[in-house]
Amino acid sequence: MKKGKKLYEGKAKIIYATNDKNLVIQYFKDDATAFNNQKKSTIEGKGVLNNRISEHILSNLSQIGIKNHLVKRLNMREQIIKLVEIIPIEFIVRNVATGSITKRLGIEDGTVLKEPLIEYCLKDDKLGDPLISEEHILAFDWASKTEIDKVKKMILRINDFMIGMFRGVGIKLIDFKLEFGRVKIDGKNEVILADEISPDTCRLWDSITEKKLDKDRFRKDLGDLIPAYTEVAKRLGILHEQSNVSAVNVTKLSSVKRKKK
Ligand code: 5GP
């Protein structure tokens, strides 16, 4: 597979063309941004951990029949993924109320929701990813009713699977963001799961202590983001070595593990 020119650079990832028109390379950067790009930093090792964690989750989802864009991880920072036309909506899934919903609706932080709640936000940085309704999606043709119905079914399965996977390793899945894309598979139009699933896109709390093991450590200046992401990777069985891992060690662990394969 030959890496071609840069097609797109986002806040945390870069997409490169390949010699196969249906496939692209997704590169995970160490950049962290929050509050619509107002807060920025580079956290050495974050991209390596997100690449591994996202690979783990997407491969497991694939095994339960959730079609997604991952083809395979190439190296520490890169994956080959299917080129999709991204649906311009962020699908937010909440099991426990925290973050923006508590401020928007005055709900007490930590309120456990009776059922998973799906919210839609328009993917538009200039507008600050505003909350929208299903009616907006249909009115402006951002997705069809059939696509939304399919996506909602997939989201509930993804949520059930991920709640169980994280519960098994002592982590509560509080909320997360998903993106979906359109692609032709065997001549048929399909909607598949795209983007990453990682501590950058999920809120993950330790089941007992409720310690935050996700990007809120950056958003809220809590520090120790790399040890928290490393803890998630270790508990998922991705990294096996000692826990107090610095960014440099994360890089070493990743290359050691790759060589063993
Ligand atoms: P909230 O709406 O409370 O800020 O976020 C809800 C969930 O969606 C959190 O897990 C958060 O990480 C994720 N999320 C929402 N918008 C974005 C985004 O633009 N980028 C990333 N990485 N995650 C997001």
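Q: Tell me about the overall build of the protein chain, and please be specific about residues and values.
A: Along the protein chain, the regular secondary structure elements total seven helices and 14 strands. Here the C-alpha radius of gyration of the protein chain, 18 Å, is about what a compact globule of 261 residues would show, namely 18 Å. Principal-axis analysis of the C-alpha atoms gives the protein chain an extent of 50 × 50 × 35 Å. Taken across its 261 residues, the protein chain has 50% of its residues classed as buried. Of all intrachain contacts in the protein chain linking residues separated by at least 6 positions in sequence, the fraction that spans at least 24 positions is 55%. Total accessible area on the protein chain stands at roughly 13,100 Å², and carbon and sulfur atoms take up 52% of it. Averaging the locations of the 49 positively and 37 negatively charged side chains of the protein chain gives two centres separated by 5 Å.

Q: Tell me about the site of the ligand, and name the residues and values.
A: If you check the shell around the ligand, you find 16 residues, and the closest are Arg94, Ser100, Asp175, Arg203 and Arg219. Residue Asp175 places a side-chain N or O atom 2.6 Å away from an oxygen atom belonging to the ligand. Here an oxygen atom of the ligand and a side-chain polar atom of Arg203 are 2.9 Å apart. Taken by itself the ligand offers 490 Å² of open surface, and the protein chains cover 81% of this.

Q: Any details on the packing of helix H1 (residues 46-63) against helix H4 (residues 145-167)? Residues and values, ideally.
A: Here H1 crosses H4 at 125°, and the two axes come no closer than 11 Å. In this view, H1 runs oblique relative to H4, as classed from their interaxial angle. Considering the relative orientation of H1 and H4, their crossing is right-handed. Of H4, the residues touching H1 (which contributes His56, Ile57, Asn60 and Leu61) are Ile158, Phe161, Met162, Met165 and Phe166.

Q: Hey, could you go over the side chain of Glu119 for me, with residue numbers and the actual values?
A: Along the polypeptide, Glu119 turns up in strand S10 (residues 111-122). A residue is classified by how much of its surface remains accessible, and Glu119, at 8% relative accessible area, is buried. One polar contact links Glu119 to Arg104, side chain to side chain, over a distance of 3.0 Å.

Q: Before we move on, could you go through unusual backbone geometry and cite the residues and values that matter?
A: Positioned with a positive phi, Asn37 is a non-glycine residue whose angle comes to about 75°. Here Asn37 is to be found in the loop between strand S4 (31-34) and strand S5 (39-42). Residue Asn37 is classed as partly exposed on the basis of its relative accessible area of 30%. Even without a glycine there, the phi angle at Asp141 is positive, about 55°.

Q: Before we move on, can you summarise the sheet that holds strand S7 (residues 78-82) with the specific residues and values?
A: If you walk across this open sheet you meet the five strands as S1-S2-S3-S7-S6, and the pairing is antiparallel. This sheet does not close on itself; its edge strands, each paired only once, are strand S1 (3-9) and strand S6 (70-73). When strand polarity is set aside, the average angle formed by the axes of neighbouring strands in this sheet is 30°. Relative to S7, S6 runs antiparallel, the two sharing three bridges. In the sheet register, Lys72 faces S7, and the bridge partner there is Ile80. Across the sheet, H1 is in contact with strand S3 (23-28), S6 and S7; its angle to S6 comes to roughly 130°.

Q: Before we move on, could you go through the environment of Gln79 and cite the residues and values that matter?
A: Residue position: Gln79 is located in strand S7. For the pair Gln79 and Arg52, spaced 27 residues apart in sequence, the C-alpha separation works out to 9.6 Å. Setting aside residues no more than four positions away along its own chain, Gln79 makes contact with Val24, Ile25, Gln26, Phe28, Asn51, Ser54, Glu55, Leu70, Lys72, Arg73 and Leu74.

Q: Could you give an account of the domain arrangement of the protein chain, with specific residues and numbers?
A: Taken domain by domain, the protein chain comprises domain 1 (3-84 + 225-241) and domain 2 (87-206). Contacts between the two partners involve 26 residues from domain 1, matched on the other side by 28 residues from domain 2. Carbon and sulfur atoms supply 63% of the area that domain 1 and domain 2 bury against each other, a total of about 2,500 Å² over both sides. Between the two partners, domain 1 and domain 2, sit six salt bridges. Asp200 serves as the salt-bridge partner of Lys46, at 2.6 Å between the closest nitrogen and oxygen. Seen at the junction of domain 1 and domain 2, the total is 18 residue pairs in polar contact (both at pLDDT 80 or more). If you list the elements that add at least two residues to the side of domain 1 that touches domain 2, you get H1 and helix H6 (225-235). The element best represented in the side of domain 1 that touches domain 2 is H1, accounting for nine residues. The residue makeup of the side of domain 1 that touches domain 2, split by class, is 13 nonpolar, seven polar and six charged.

Reading the values: rules and limits
Residues numbered from 1 in each chain as written. Predicted model: local features only at pLDDT ≥ 70, side-chain atom pairs only at ≥ 80, totals over all residues. Heavy atoms only, no water. Helix = DSSP H or I, 4+ residues; strand = E, 2+ residues; numbered from the N terminus. Rg over C-alpha atoms; globule rule 2.2 N^0.38 Å. Buried < 20%, exposed > 50% of the residue type's maximum accessible area, 1.4 Å probe, protein only. Contact = heavy atoms within 4.5 Å. Areas by Shrake-Rupley, 256 points an atom, 1.4 Å probe, with all protein chains shown as cover. Lys, Arg positive; Asp, Glu negative; His and termini not counted. Charge placed at Lys NZ, Arg CZ, Asp CG, Glu CD. Near = heavy atom within 4 Å. Polar contact = N/O pair within 3.5 Å; in protein donor to acceptor, adjacent residues only side chain to side chain. Axes fitted to C-alpha atoms, helices over the stretch in contact; angles between N-to-C directions. Parallel < 35°, antiparallel > 145°, perpendicular 65-115°, else oblique. Left-handed = near helix turned anticlockwise from the far one by under 90°. Pairing = 2+ DSSP bridges. Domains from an automatic or database assignment. Buried area = accessible area lost by both parts, 1.4 Å probe. Salt bridge = Lys/Arg side-chain N within 4 Å of Asp/Glu carboxyl O. Nonpolar A, V, L, I, M, F, W, Y, C, P; charged D, E, K, R; others polar.

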